[in-house]
Structure formats: structure tokens, C-alpha cells
Amino acid sequence: MPEIKVTPLGAGQDVGRSCILVSIAGKNVMLDCGMHMGYNDDRRFPDFSYITQNGRLTDFLDCVIISHFHLDHCGALPYFSEMVGYDGPIYMTHPTKAICPILLEDYRKITVDKKGETNFFTSQMIKDCMKKVVAVHLHQTVQVDEELEIKAYYAGHVLGAAMFQIKVGCESVVYTGDYNMTPDRHLGAAWIDKCRPDLLISESTYATTIRDSKRCRERDFLKKVHETVERGGKVLIPVFALGRAQELCILLETFWERMNLKAPIYFSTGLTEKANHYYKLFITWTNQKIRKTFVQRNMFEFKHIKAFDRAFADNPGPMVVFATPGMLHAGQSLQIFRKWAGNEKNMVIMPGYCVQGTVGHKILSGQRKLEMEGRQILEVKMQVEYMSFSAHADAKGIMQLIRQAEPRNVLLVHGEAKKMEFLKQKIEQEFHVSCYMPANGETTTIFTNPSIPVDISLGLLKRETTIGLVPDVKKPKLMHGTLIMKDNSFRLVSPEQALKELGLAEHQLRFTCRVHIQDPRKEHETVLRVYNHLKGVLKDYSVQHLPDGSITVESILIQATAHSEDQGTKVLLVSWTYQDEELGSYLTSLLKKGLPQSTA
Amino acid sequence: LKLYCLSGHPTLPCNVLKFKSTTIMLDCGLDMTSTLNFLPLPLVQSPRLSKLPGWVLKDGSTFLDKELKECSGHVFVDSVPEFCLPETELLDLSTVDVILISNYHCMMALPYITEYTGFTGTVYATEPTVQIGRLLMEELVNSIERVPKAQSASMWKNKEVQRLLPTPLKDAVEVSMWRKCYTMPEVNAALSKIQLVGYSQKIELFGAVQVTPLSSGYALGSSNWIIQSHYEKVSYVSGSSLLTTHPQPMDQASLKNSDVLILTGLTQIPTANPDGMVGEFCSNLAMTVRNGGNVLVPCYPSGVIYDLLECLYQYIDSAGLSNVPFYFISPVANSSLEFSQIFAEWLCHNKQTKVYLPEPPFPHAELIQTNKLKHYPSIHGDFSNDFKQPCVVFTGHPSLRFGDVVHFMELWGKSSLNTVIFTEPDFSYLDALAPYQPLAMKCVYCPIDTRLNFIQVSKLLKEVQPLHVVCPEQYTQPPPTQSHRTDLMVDCQPPPMSYRRAEVLTLPYKRRYEKIEIMPDLADSLVPLEIKPGISLATVSAVLHTKDNKHVLQLPPKPPQPPASKKRKRVSDDVPECKPLKPLLSGSIPVDQFVQTLEKHGFSDVKVEDTAKGHIVLLQEAETLIQIEEDSTHIICDNDEPLRVKLRDLVLKFLQKF
């Protein structure tokens, strides 16, 4: 039986290092190629040796698909393609293709230049890797080869994020990547049609969370920023350059405008400024409202938000600063944090998830004394706030997506095992479909039962559809044809055509049965009685009395002759072909019972 | 497969294709050449135009002098300009299921179709097509509505009257079909019926037909369309270009293996080379400005203007024009310039690469930043303060009948220092200029039409090899003004089928197969037999279900088990329910082996007689006779059903079933 096999190399019951192998109808596809922020050793990348022990990845994989530009979905790509070696196609959307190399370069710089690692991918490798990328449009059907096609759907989450449908024949898998089912300030909601895949592979970061309304969180955020600024404090918001940064900038920009606030807002230069350019140029990927009004007012041209210079950090008075990176593990955000941490008037707002080991994670878990480089102890007096602005679907959203796509099976990745377990039960209860949650390296096999498409000759189909013009549910019409299987083509034709095509002659098998009837009357009277009898019994059939004295029932012929010896007995010759076997057999047994003693 | 041709204009097509029970309209072009018969609509009161004499018939009657004015020997209708709509009577347009739009120039009649014919279907177009199409419509509506005209002339349209008019009014066709411009609410209503699509997106229509837009290389978001079922493929090629300008290149490969290729929207200026024209444009512009004159470029607010601005961007410094202001005046100028920068995915490779940097794909962003290019919604307001001469003005409409261009024609027409450069190929420039004559200003004609020329067409057709080509009749003969140029026509084998306005063509094609799905449980029950090496057969008896034009074969339902306690049945209860179908038989019966088999099954008195065509096998005791010939077997017996069935099954053993 045809089957689909799924093996997560990363993101199996885990967040980070997303990398999922799918085998469908003889095609092998790798979904995402991410890195893990929690590791600095071999475990940061997926174990590609799992794919093939000996032999080239290019020979084994038909294509690689990257869902969006976050490093836990694309961070291992140059390693995979240039160091392990893969030359096949890599698919991603245009914005992802634009932004992905910049984040990879940034990641490389931090790893090699700051941490001094060697044996890491180089800038040239990133460039060479990106040359293998084929950009796809939303909803475009990309023919990877003759059989394998993929199609991208809008996923929200970040600029250019997409869900992908992978299809071979009538079997299909949908991979969601990370998605968001509610529109936010700059992106729209994920959307998919009722494509009824055999399998839906969904992220499940917020598998157990039903989030409160976004408005509440936004109000909360603005209130905290406002209060801090009002009392003369400084607000630090560590962000990653692309994604939440833009959403929070829009939020603050409109708030400042409305409240007529004067305190400066800065974002750290470099990436974020560049990022805003991407948002401007890829505005068709943002939400309806921004797209509609961008000519009058481009939401990514900020009036109140200005570029940051490191000297500003020592300026007196209130200010708000967006700085990278988002987990306070290095760079400008950490520098500013060290400067401001000692003052209880200040505040740091962490708008997203922080991986263990980072300063962000430490202060969020309540640590107030941090050991910095050189054994220096940093005492944190500033206020620490956590506010989730990650754009992942919550439990409600995941259920909603399942309802939209109507998959036959669901498989959960990109989440924590305990939470997945809960969601899995919920999905199985509500949708009565199987739900899987394999760990890394564990293979899930799903059996599909595809129907087989064949070519039917129009003659045969028309014959059948015209016969059954008025479809009767109770008495379905049987259709009879011959399936010709030649090479890989399947054609259903009428038996006559099949014989003709194969150059075979039909062999006619005919039966003629002698039925003896006791009837002293003249032959033609006997015939008339037979005719009336049959006519009475076989109401649904065409019974005809021909001028030459014979009777036909459909194509069965009945003739009467006198018995050569016994004048009181008539012999009925009933003649039919094998195709009318059933009716012919029925007629002989009917006639054998004799004619009813009619008074006529 | 039928094609209803609603427009006679080869580059502004409107055809309806009936394909497998779906009715598909291909484009919605609006023929605006009719406006050339009207007087221009001046934004500012024009003493010259208002003083034009009324037209007087030869016999001196003056009843038309309010409607028709004379200018330099030409007669114009003094009324709100009107457009020539596609045929609306050839078929009931409310039956149209979908409308496919190929580019923003070919959707200008959309509001007339969607708002006036009872249309309830869906329109499909790409996002750039819709956005820029909206801008073109907005500009059109705006430039006509802002100059309200008190009178609407209709007397001249009377057939009896029209006969008396001078050419070209006398020969104007379908004047009863001419209509005034639509309104913004109608535009919005029409555009709300559009569903956005991307290149290579497969769109299912009623399960019967799949349509797919392909990049056509002509304009931002411009598409050709594939309309196909599993077995037939119609390609609709409309407005395509093989030149490398700003849009994504044309997708030719996907047009292969078409049964029918409908070819419209070829270049209107087959003899002009677009690159040469751009060069001439630049040099004429530079010369005029250097001599202290102004340059007027009548244009659409999107399309070629992007390429012209890009050329000028590279040209102005070297030509010493850095201080000459460029003005782009249109109610949608700003929107057009902004929109052009956000459609990275629809641009050629070079421009896409710029976006990845990230930089704006078109250099006009820099022209605006450096104040070399300024844009204004109209000549009123800011423009009048900033206006400096000599300058270059890009503005619409190319017909010179409405829009801000009318003002500049009136303003600059009297001086021979100034130049008007025609780049848009849609209107004859001499006709466009007629109501401004006599004119001192220089006129330069540099039509830039990047659409396919005939050499490219014949190369394309050789490449994609359609079985049949259908095109407007204009393409099947040389242009009327160059009748000796037999190279300026579509040349292919078999010769193209041509159409003209209001014609209905039956397209040649023969369908022999349809797709059907065999359900897995039915497939499992099939028993394939290898008949010849590599060819297997299986007989299929199944129930056919057809829903939404999709066919599915299922296992026949098992006959319900008769209830255990049998009541006494009437005879008729036994009548076979549905007509059972037995397979066809093939093969022949070897007599010797057959006789052996009979004997093995207990028939001891078998006798064989030879006949002319075969044999007769006699079972004497059973009074049974079996005639065996090459292609037939006839069993003649008494009414002994067990015997007959036994013989039947023995015969069947020797035959193959189909």
C-alpha cells in the first residue's frame, strides 16, 4: 500500500533546528534546514548523515524547501549545501530569499568573528548556497520534476513566511512552517484552501495556549513603556532585526503620534534599518491595511523612530531603544543593557522567547546578579518585563487551520512533547484523524489509499452517462469496460474497442434452447399467447412481436415451430448470445413453467 | 469548442471561449480610438476651441452645428468623448462564468461588462494588473469627470444623418454601441469581482477546466493564459514581449503542445524597432530642451514611462540635462511610481536582484529624491508654483482628447521651439493632432511597442508548435498601407483561422479521452491478464459516479441478501434487476481438445462432423449440437439448464474474456 514517511531530524518534540524529511510516492523532500540556538556543538545542526550514509545528498533528495528566514529554519542551509554537499533545488519565497542570506551572514559573523570558531561556513558559501535557491510566488504551482509539484501559501508569522503543499499524483503533504492565524499590525493571517492533504505537518509552539486578545497585550506593553518614559526612565527592547521589531515600531509610532509624546525612540542601526527597507519593497506581503494605504503613508517610514548611535545611551532623560539581538546574548542590546541595568527607573522588555544560557533567559527566570566576562558581577535593578509577541498560532489557531485544510492525518513538530500530547488528543477527539508526534530520528509511516486515475474513452463515458441520464440512487447503473494497461498508461475503453485495438476478433457464443409447450392451438396463436405472457411479466424490457411471427425480448429471439410428431406440442426456440446469458436463462425457465391458462 | 469574437481591435481583444461547459471571456479591451472623433476637453477654457465654427451641410442646413465643429478641414463631435464597447448581443453575457485578464490595458471595458450585463462570475487577474488597471481607470474617469460637458451629442448618430457626414465620421462603425465613460463606483464594483492570481497558479473551474496565467513579458503582471482539461489545451497569447524591459520574461515553454493557440496583441508598429525609437526619443528631447523649448510626452501613467525614465536617468547627465525639470502629471502619478517599486516578484531578474540588496528596483526613486523628477496630480495646485521652463512633461491621455495633455497642447502648440513626442502606439498621431491644427510645435513620432513582431511570432510558433492558430483577421494579411509587405503577417502551417468582430468560430479539435478515477477497493478487485507482452487487460464492471464534472468508478454494491424467511414470490420478482453485462469473448476453440474435455466430463457419445467453416460436435443422447467455427460457437440443446450451463462453462474455458 502506498505510504508517506516522515522523519524529523530536528524540531521533533522540540523547538529549534527544524528539519523534516518526507518521502512521498518515491520522492524525498527536506523541509527546512535550521540551527538550534541552545547548542554550540554538533547538535546545533541536523544530523544529515541520517539521510544517506554513502552517496550524495543530491541523488537522494529531490528538493529542499525553506518555510521562512528564521535561523532555526534556515541556519544550517550553507553547511548542508556547501559543506555536506547538496546541489539540487532549494525553494523559498522571494522575501525569504532576500532576507535569509543577511541573517546567515550575521549568524556567521557572530559565530566566527566574535566567538572565534573555525570550521564554519564562509561568506562565499552563503553566496554559493543562495545561487541554488529558486524563488517561488504564492499559489504558484512549481513543477519540481514531472511528478513532484509544490505550492506556497501565505503563513503570516514573518515577512515572506509560507506554508508548502507537496504533491505527487493524488497524494499530498502540507507543511506549515511557523504560522499565525490572526493578522497583526503588519502581517496578514495564514490561509490555506480545503486541499485535503493526506498529511498536515503543523508547528505547535503554543499547543496548549489560548492567548488573550492581542489588544490587551498591546495595551499592556504601551502602558509600561509610557509609564517608564513618564518617570524619566529608559526602555530597552531587545529584538531580532526582522519581524517583531517592525510590529512594535508600528505600535509605538502610532502611539507616539496619538499621544503627542516627545521622548526619542531609536533603533540600533544596521540590520533594522535595512529590514525596514525590505518591508517597504515587499509590501505586497504585509497585511491588507498597510498595502492599501502605502501610497499615502508607508507604515515602514517612521517619523518618531530614529537611528541609534552608541553615544546616545549615555544621554540623560527618557528614551526607548530597540536593539539587536533579541536574547541579550551579544552585541548592542547587551551593551546597552549593561549600561542601564543599575537604575531602577529603567526597564527592559523581552518581547519573545529566550533560549537557555542567554542573559535574556537568566533575567527572565528571576536572576538579578549576573556574572559577566572577567568575573564582573552585574546587579540588575531595572525592571524586567516579558511580553509574548511571537507570531505563532495558538491552540485555537492550529485547530482552525486543520479545519480549513481537512487533512486525513496530522503530525506535530516544533513544540514541547508534553504540550504536543495534549494537543494531539484534542485533535484526535475533534477531527477523528490520526495525529502523530515523532521525536527526532523517529520515522512515522502513514498509509495512503489513493484512487487511480485512468483515461476513459469518451465514447464509453458518453454511452454510460447518456444511459443514466436520470440517475437512480437505488439502482446504480453498472458500467462495463476493459482496462488496457500498457507501459505506464491506463486506459479504460469499451470491450469492443479493446478487441479492436489488440487486433482480436470477437468470438460469438450463442445458445439456442428448445422449450416444449403443450398448446394445441395454431402456431401463431401460441406465439401470441407467449408474447402476451412475456409482455405482462417483463414490464421493464422491450418485448416485440415481429411481422415474421417471431418474438424478441431485447436482443433475444424466440420462434415457435410445431413438434414434428406431436401436434399438441409446440417447440419454442429461444436463442441468445452469451452477453444476454442472464436474461436468456431466465426466459427459458420462465417459459418452461408453461403459459398461464388465460381465458382469452 | 467555440470562440465568440466581441472586439475587432487586435490589440484590445474581447473574446468568449466556450470550453467543456464553461464560458470564459478572454480579456475585456476597450477601443478608445472612437474618442479621436471628438473635440478635446480643455481643463482651462480654450478660446480657440470654443470659437470653432459649427459644421454646415453641403445644402446649407445647419441643424448639426451645435453637435459638430469644424477644425482645419476636419469635423469633430462636440460632446463628452465616447468609447466603442465590445459586442454585447452576440451571446448572453450573463452566462459568462469567468473573465481572464491578460494585462492592464486589456481590462478597460470591465465595468461595462460586469455592471451592465448581469454578469455574476469571477474575474481573474494578477495583482499588478489589478492595481495598475485601477490606476488607468481612475485617471480616465478623473480626466473626463473633471471637465463636465453640458451637451451630449446624439443626433449625428442617426443612420440617415451619419450618411451625410464627411469621413471619418461617415465610416465610423457601431456608433450606436458607443458609450460614455463609467464612474468610479462602477470601477470599484467591477474590481471587487476580481480574484488575484499568481503566475503558474492552477485555478480549477467547476472541476472541468483548469486555467493558468503565465508571464507574458509585456508589462508588470501581464499574462498569457492556458485553458486546459486533461486532454485539450488552448493557449491564449495576448500582449507578449520577448524584449528585456522591466517585466519578468515571457514563459514560452508552457505554451507547448497546444491544440489551439489564440494569438492577439501583437505589435502595432511592426516596422519600428523599440530600441531605436528610445534612442530617437532621447535625442529629440535633448535637442528641443537645448534650444530652449519644452517637450511634451503624451503617455499612459504606467508601462513604457518606467523604461523612458530609466533611459533618461542614464542619459541626462551625459546629455547635460541635469538641470532640466521633468514633470509627471497625472491624478495617479504618485501611485504609479510607488506601485512600480513594490512588485519585485513580477520584475525581470536584474530588478529583482536590486530588491534583494535592498534597493528600489526602478531608478526613478533616485530621480524623485534628487528632485529631477517631480510628480503632480494635476496642473492645478502646487504645479503652477513649481513650473519652470524649459521642461519635459509626461502626461496623459495619449489620444490628446482629455487629461492635462490638452492644456499643454494649447499652451505650447503655437511655438516651433516646443516638441511633442508620441511614444504610445495606440493612436494615430496625425489623427490625435487634428483638432490642434494648425500647429507650429514640432511633432516627433517614436512609437514604442515592445509586443511581438511577426518575425518573433513565427519563431515562437515554430517553437511551441500549436496544432491550430486563431488570430484576428488583421494578422492574416499585410497592413493596408503596406500591401507588398507579405512578411508582416502571421505565417504558419496550417494557415491561421481568422476572426473579425461579431463572428463565431468553431475551433477544430477532437477529444477522445476523459479522466476518471478508480477507487482503491475497486482497483484491488481487478484481475489483470497479460494478453500480449507488456499489455495487460482487466475487465471492469463498476458503478459510475459523476459529481462536479469529476468521474469516479466504484465497486458495485453487493446485492442485498434475500431475507431468510422466504415468502412466496410472484413470478415477476425474479426478473433480473439491472441489465447484467457479460464480457465479450475472443479466441477460438480447438475441436480436438474440446472433445477430449467433453469426454473427460462424462460425455461418452461425442461425434464430430466437419463442415465448410468448421465442425459440428454432436452429443447424441442429449440431442445437443455444438457448431464450432473460427469466430463463433453455437450450442443448440433442449431446455436442460444444468446441461447447458455445463457446456457453456466448458466452452468458456477456451476463450478469453473482455
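Named according to an unreviewed UniProt entry, chain B is Integrator complex subunit 9 originating from Otus sunia. Taken directly from UniProt, the Sequence similarities (unreviewed entry) text for chain B runs: "Belongs to the metallo-beta-lactamase superfamily. RNA-metabolizing metallo-beta-lactamase-like family. INTS9 subfamily."

Where an unreviewed UniProt entry is consulted, chain A appears under the name Integrator complex subunit 11, with the organism given as Ciccaba nigrolineata. Recorded in UniProt for chain A, the comment headed Sequence similarities (unreviewed entry) runs: "Belongs to the metallo-beta-lactamase superfamily. RNA-metabolizing metallo-beta-lactamase-like family. INTS11 subfamily." A UniProt comment under Cofactor (unreviewed entry) is attached to chain A, and it reads "Zn(2+)".

(A) Highlighting the sheet that holds strand S19 (residues 383-386) of chain A. Residue and element names in this part refer to chain A. Read from one edge of the open sheet, six strands run S14-S13-S15-S12-S16-S19, paired in parallel fashion. A strand with exactly one partner marks an edge of an open sheet, and here the two such strands are strand S14 (305-308) and S19. Pairwise comparison of adjacent strand axes, ignoring direction, gives a mean angle of 25 degrees for this sheet. Bridge analysis of strand S13 (residues 265-268) against S14 gives four bridges, and the strand direction is parallel. Counted as the bridge partner of Ile-265 is Ile-305 from S14. Against the sheet, helix H10 (residues 331-340) engages strand S12 (234-238), S13, S14, strand S15 (319-323) and strand S16 (347-350), with an angle of about 150 degrees to S12.

(B) Fine view of the sheet that holds strand S11 (residues 199-203) of chain A. Residues and elements named next belong to chain A. A sheet is described by the order of its strands in space; here seven strands give the open sequence S7-S8-S9-S10-S11-S20-S21, paired in mixed fashion. Looking at which strands have only one partner, the edges of the open sheet turn out to be strand S7 (141-143) and strand S21 (434-436). Here the average twist between neighbouring strands, direction ignored, is 20 degrees. Pairing analysis gives four bridges linking S11 to strand S20 (residues 409-413), with the strands arranged parallel. Looking across to S20, one finds that Ile-201 is bridged to Leu-411. Where helix H12 (residues 395-405) meets the sheet, it contacts strand S9 (162-168), S11 and S20, and its direction lies at approximately 160 degrees from that of S11.

(C) Main features of the pattern of salt bridges. Counted under the stated rule, the structure contains 51 salt bridges over all chains. Here A:Glu149 and B:Lys202 are joined by a salt bridge, their closest N and O atoms 3.2 Å apart. Pair noted here: A:Glu149 is in strand S8 (residues 148-154) and B:Lys202 is in the loop between strand S10 (194-197) and strand S11 (203-205), and the two residues belong to different chains. The partly exposed category is assigned to B:Lys202, whose relative accessible area is 27%. Measuring nitrogen to oxygen at the nearest pair gives 2.9 Å for the salt bridge that ties B:Glu310 to B:Lys351.

(D) Looking closely at unusual backbone geometry. All names here are of chain B. A cis amide bond links Thr-167 to the next residue, Pro-168, at an omega of 0 degrees. With respect to the helices and strands, the residue Pro-168 is situated in the loop between helix H4 (159-162) and strand S9 (178-179). With an omega dihedral of -10 degrees, the bond running from Gln-493 to Pro-494 counts as a cis peptide bond. You can see Pro-494 is positioned in the loop between strand S22 (468-472) and strand S23 (497-499).

(E) Looking closely at the domain arrangement of chain A. All names here are of chain A. The domain boundaries assigned to chain A delineate domain 1 (3-210 + 391-447), domain 2 (214-386), domain 3 (454-502) and domain 4 (510-593). One C-alpha centre belongs to domain 1, the other to domain 2, and the line joining them spans 29 Å. For the pair domain 1 and domain 2, the summed buried surface comes to about 2,300 Å²; carbon and sulfur atoms form 70% of the total. Counting the surface domain 1 buries against domain 2, the share from its top three residues, Leu-159, Arg-185 and His-186, is 35%.

(F) How the structure looks around the interface of chain B and chain A. If you look at the interface, chain B gives 93 residues, while chain A gives 85 residues. Between chain B and chain A lies a buried interface of about 8,200 Å² when both sides are counted; carbon and sulfur atoms form 60% of it. The three residues of chain B that bury the most area against chain A are B:Glu345, B:Tyr356 and B:Asn639, which together make up 9% of that side's buried surface. Across the contact surface, chain B and chain A share six salt bridges. Note: strand S26 (residues 508-518) of chain A against strand S33 (residues 632-638) of chain B, seven bridges, orientation parallel. Considered in S33(B), the bridge of A:Arg510 is made with B:His634.

Rules of the game
- Residues numbered from 1 in each chain as written.
- Chains lettered and ligands numbered in written order.
- Predicted model: local features only at pLDDT ≥ 70, side-chain atom pairs only at ≥ 80, totals over all residues.
- Heavy atoms only, no water.
- UniProt positions renumbered as here; feature names shortened; annotations may be inferred.
- Pairing = 2+ DSSP bridges.
- Helix = DSSP H or I, 4+ residues; strand = E, 2+ residues; numbered from the N terminus.
- Axes fitted to C-alpha atoms, helices over the stretch in contact; angles between N-to-C directions.
- Contact = heavy atoms within 4.5 Å.
- Salt bridge = Lys/Arg side-chain N within 4 Å of Asp/Glu carboxyl O.
- Buried < 20%, exposed > 50% of the residue type's maximum accessible area, 1.4 Å probe, protein only.
- Domains from an automatic or database assignment.
- Buried area = accessible area lost by both parts, 1.4 Å probe.

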